Amino acid sequence: MAKYDPASLKTICGTITSYYPDAKIELVKKAYSFAEKAHRGQLRSSGEPYMIHPVDVAQTLADLKLDIASIVTGLLHDTVEDTHATLEEIEKEFGHEITELVDGVTKLSKMAFKTSEEKQAENFRKMIVAMAKDIRVILVKLADRLNNMRTLEHLPPHKQQAIAQETLDIYTPISNRLGMSWIKTELEDLCLRFLHPDVYYKLAQKIARTKKEREKHIEQITELTQEKLKEYDVQATIAGRAKHFYSIYKKMERRKTEFEQVFDIVAFRILVDNITECYKALGVIHATYKPIPGRFKDYIAMPKTNGYQSLHTTVVGPYGDRVEIQIRTHEMNQTAERGIAAHWKYKEGKFDARSKENVDWVNRLLEWQKDLDDPNEFLETVKIDLFAEDVFVFTPKGEVKQLSFGATPLDFAYAIHTDVGHKCVGAKVNGKIVPLKHRLKSGDTIEIITSSSQTPSKDWLKIVKSSRAKAKIRAYIKQQERERALALGEEILDKALKLYGHSINKLEKSGELLKLAQNLKYKTSEELFVSIGYGKIVTEKIIPLIVTKEALEQKLKSAKAEDESFLKKIFTSAKKRSETRNAITVADLDDILIRFGHCCNPLPGDSIIGFITRGRGVTVHTASCAKAHDNDPERKVDVQWNLGDKHNIFKRHIKIRVLSVDEPGLLALMSQTITGCGVNISSANIRTTKDKKAISLFDVEVTDISQLNKVTSTLEGKKGIITVERVKS
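A. View of the sheet that holds strand 12 (residues 432–434). Reading across the sheet, the three strands line up as 12-11-13 and stay open at both edges, with antiparallel pairing between neighbours. With partners counted over all chains shown, the strands left at the sheet margins are strand 12 and strand 13 (446–450), one partner each. Each adjacent strand pair in this sheet contributes to an overall mean axis angle of 35 degrees, direction not counted. Across three bridges, strand 11 (residues 424–429) lies against strand 12 in antiparallel orientation. Along strand 12, the bridge assignment pairs K428 with I433. Across the face of the sheet, helix 19 (residues 409–416) comes into contact with strand 11, strand 12 and strand 13 while running at roughly 80 degrees to strand 13.

Set out below in structure tokens:
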């Protein structure tokens, strides 16, 4: 970790002048003095002076070769939030541009929300808005998060895990989407260290043990490749390295294997002077080593959405192992490492045309969020776009469309236009009719077939992969559901009112209907009808606000027997559910049936959300459940675990999947480990694979998420166990 040293200012200034000799260094020095004075006396969790943090953030921005305004913002980014400094002071000392940047960074984390998920989702939405206004805001925020992750060991374990998970969910995909690979790589490794420390340190030990052998291997392949390239007059720089920890971990998880069986942990990068040399070098590589079919990708002809360009190929190396090779120009390598920051013109104060696609992507996110009212739904939808790989397909006229990996004709239809998507009934791919769920491949030509009578269905959400398509389908379905709830709610209330000689028309004409709605905390009468239609409020709570007590009593006396039970509800408030006997409490709703979503199977301790389903009570989902976001936000209700009393402790059946080596005694070890954590095993299902692995599915009874985490972390620490995961559906 960096030591506090005033000379760090010299390092920052030296870095800036190395790429921008005419920079106004005095402004950086002024910002350093301002921040040092503002943060004087403040300490970090490590006990060191707080000033280390903004200095390190500014140094990262200088390493990215950003402009003076960005680096000054890095020095000042915490002054407004954490000191007595104000935006007015910054405006006076540093001007409007820097003030806007500091304000943008401050707003990303300043607001407080009810739950951590809501905070994460809303902060992400604010991030998108800030990015659209000035992309430099997110570059400063990434540098800020990188330094926080580098010093995370000084925080309590629960905070470490929460911050690391948020970083993995949000900041690593954003850094990837902006093409900043070195930041993404370091963030991922740091996240692995704090989320799965056992895995991280096991990998560190194993990689360290094989270091000498690996370095010799890299040296031999580098020399051989260099000789072959020289034979064909290709001037190239070759570098080999071990893949970063997180990449190896994901490969082990994906292949369900152990470290010793991951043979392609080394990657080589060949840098040449121009595009022609890239393809020439590729030819030499394929002539020297045997290429593996299906493992060649041309990101030069078809760059990734973040601007990344390179040739990727996997070949059989001289020792029979797989070797991954990337070939690119020096300029492409700059873009690969620094991403959007590589195209910043610090003199002109803007990005050049090559980075326009990244800025356009942010604007598209802003467009999608208009259709998504619920912040968690927006977060879930945008994650799809952040993590997506690319598929390149063509319109009948030859126009290229870039879609998410696994995209279908429906995704393509929505990429053309929302109305084309809504009216899509079929498609032709390369001249042949295919079903809507057909998966597209790069190079396909698609023609969409539409019908004026077609409308989107909820089943389409299971077919489409792109965030744009999901957002448009959800918006349409929710609008239809709202209209049905509106009509139903109006009908229910009108029938109830007519029992007492009232009607909606009469109340509307007198202005009483709007007053009634506002009295019940609704802005309009329409919102009241929708709430009744969804079952969020019942007419028994509304009638007493309109009809006099005397009229109600008179009606009760003269009511028919079959009406009596209905009318008594008006006077007798429903019994509140016993909070000492029920695990879930629902805000503003009494005596309501509770169901748990089978799609996510929430556990006590999980963050949860609830949705009203007419006739079926409230269904409770985990806050991260993708299926929960298919529901209309207007049906959402606040739910929380009610586990303060011992009587509330109940056990839930959860499935966990364990991947391990197939060896005698391991099943007994796993069973003993689980029961040793105080957890009962209801059933177990074990199968073996051809590569001598065992997949064990345990049905266990746990009381809460902490008990489950204890089981999984204890299992992960046992020799022979590769991965342990909770099965949510």
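After presenting the structure, the write-up continues.
B. Looking closely at the sheet that holds strand 16 (residues 608–613). Spatial ordering of the open sheet is given by 15-17-16-18, a layout of four strands whose pairing is mixed. Both outer strands of the open sheet, strand 15 (594–596) and strand 18 (636–637), are each paired with one neighbouring strand and no more.

C. Representation of the environment of P156 in the model. Along the chain, the position of P156 falls in the loop between helix 9 (136–150) and helix 10 (157–177). Classification of P156 by relative accessible area gives partly exposed; the value is 35%.

D. Main features of the confidence of the model for the protein chain. Mean pLDDT over the protein chain stands at 80; residues scoring 70 or higher make up 80%. Contacts from residues 560–564, a stretch scored under 50 in pLDDT, to residues over four places away or in other chains number one contact. Within the model, pLDDT remains below 50 along residues 566–581, and this stretch shows 38 contacts once partners closer than five positions in the same chain are excluded.

E. Highlighting the pattern of salt bridges. Applying the stated criterion across every chain yields a total of 18 salt bridges. The shortest N-O distance in the salt bridge between E481 and K458 comes to 3.7 Å. In this pair, E481 sits in helix 21 (residues 467–498) while K458 sits in the loop between strand 13 and helix 21, placing the two residues 23 residues apart along the sequence. Notably, a salt bridge pairs R657 with E725, separated by 2.9 Å at the nearest N-O pair. Note that R657 is positioned in strand 20 (residues 652–661) and E725 in strand 23 (residues 721–727), a separation of 68 residues in sequence. Classification of R657 as partly exposed rests on a relative accessible area of 33%. By relative accessible area, which is 30% here, E725 ends up partly exposed.

F. Up close: the packing of helix 28 (residues 666–676) against helix 29 (residues 705–716). With their axes 9 Å apart at the nearest point, helix 28 and helix 29 run at an angle of 145 degrees to one another. Read as a crossing pair, helix 28 and helix 29 show a hand that is right-handed. Across the interface between the two elements, M670, T673 and I674 of helix 28 pack against V711, T714 and L715 of helix 29. Here the residues of the contact of helix 28 with helix 29 sort into four nonpolar, two polar and no charged.

G. Up close: the packing of aromatic side chains. Scanning all chains against the criterion turns up six aromatic pairs. A centroid spacing of 5.6 Å and a plane angle of 85 degrees characterise the contact between F34 and F94, whose relative ring orientation is edge-to-face. Here F94 lies in helix 6 (residues 87–94) and F34 lies in helix 2 (residues 25–38), a separation of 60 residues in the sequence. Summarising the burial analysis for this pair, F34 and F94 share the class buried. Ring geometry for Y299 against Y308: centres 6.0 Å apart, planes inclined by 70 degrees, an arrangement best described as edge-to-face. Each member of the pair, Y299 together with Y308, is buried. A connected cluster of aromatic rings, assembled from ring pairs, spans Y200, Y201 and F245. One cation-aromatic arrangement involves K30 over F94; the distance from NZ or CZ to the ring centre is 5.4 Å. It is R652 that lies over the ring of F596; its NZ or CZ is 4.0 Å from the centre.

H. Geometry of the nonpolar core. Counting residues in hydrophobic clusters, the biggest one holds 93 residues, and the most contacted among them are I16, V28, L76, L178, I270 and I327. If you tally residues by element for this core, the top one is helix 9, at eight residues. Setting aside its immediate chain neighbours within four residues, I327 contacts I270, C278, A281, L282, I285, I300, S310 and L311.

I. Representation of unusual backbone geometry within the structure. Residues other than glycine seldom take positive phi values, yet N430 does so here, at roughly 55 degrees. Summarising the element assignment, N430 is placed in the loop between strand 11 and strand 12. Judged by relative accessible area, N430 falls into the partly exposed class, the value being 47%. In this structure, K521 takes a positive phi of about 75 degrees despite not being glycine. Looking at the secondary structure, you find K521 in the loop between helix 23 (512–519) and helix 24 (525–534). Since its relative accessible area comes to 75%, K521 is described here as exposed.

Basis of the calculations
- Residues numbered from 1 in each chain as written.
- Predicted model: local features only at pLDDT ≥ 70, side-chain atom pairs only at ≥ 80, totals over all residues.
- Heavy atoms only, no water.
- Pairing = 2+ DSSP bridges.
- Helix = DSSP H or I, 4+ residues; strand = E, 2+ residues; numbered from the N terminus.
- Axes fitted to C-alpha atoms, helices over the stretch in contact; angles between N-to-C directions.
- Contact = heavy atoms within 4.5 Å.
- Buried < 20%, exposed > 50% of the residue type's maximum accessible area, 1.4 Å probe, protein only.
- pLDDT = per-residue confidence, 0-100.
- Salt bridge = Lys/Arg side-chain N within 4 Å of Asp/Glu carboxyl O.
- Left-handed = near helix turned anticlockwise from the far one by under 90°.
- Nonpolar A, V, L, I, M, F, W, Y, C, P; charged D, E, K, R; others polar.
- Phe/Tyr/Trp six-rings, centres within 6.5 Å; stacked < 30°, edge-to-face > 60°.
- Lys NZ or Arg CZ within 6 Å of the ring centre and 35° of its normal.
- Core = buried A, V, L, I, M, F, W, Y, C linked by side-chain atoms within 4.5 Å.

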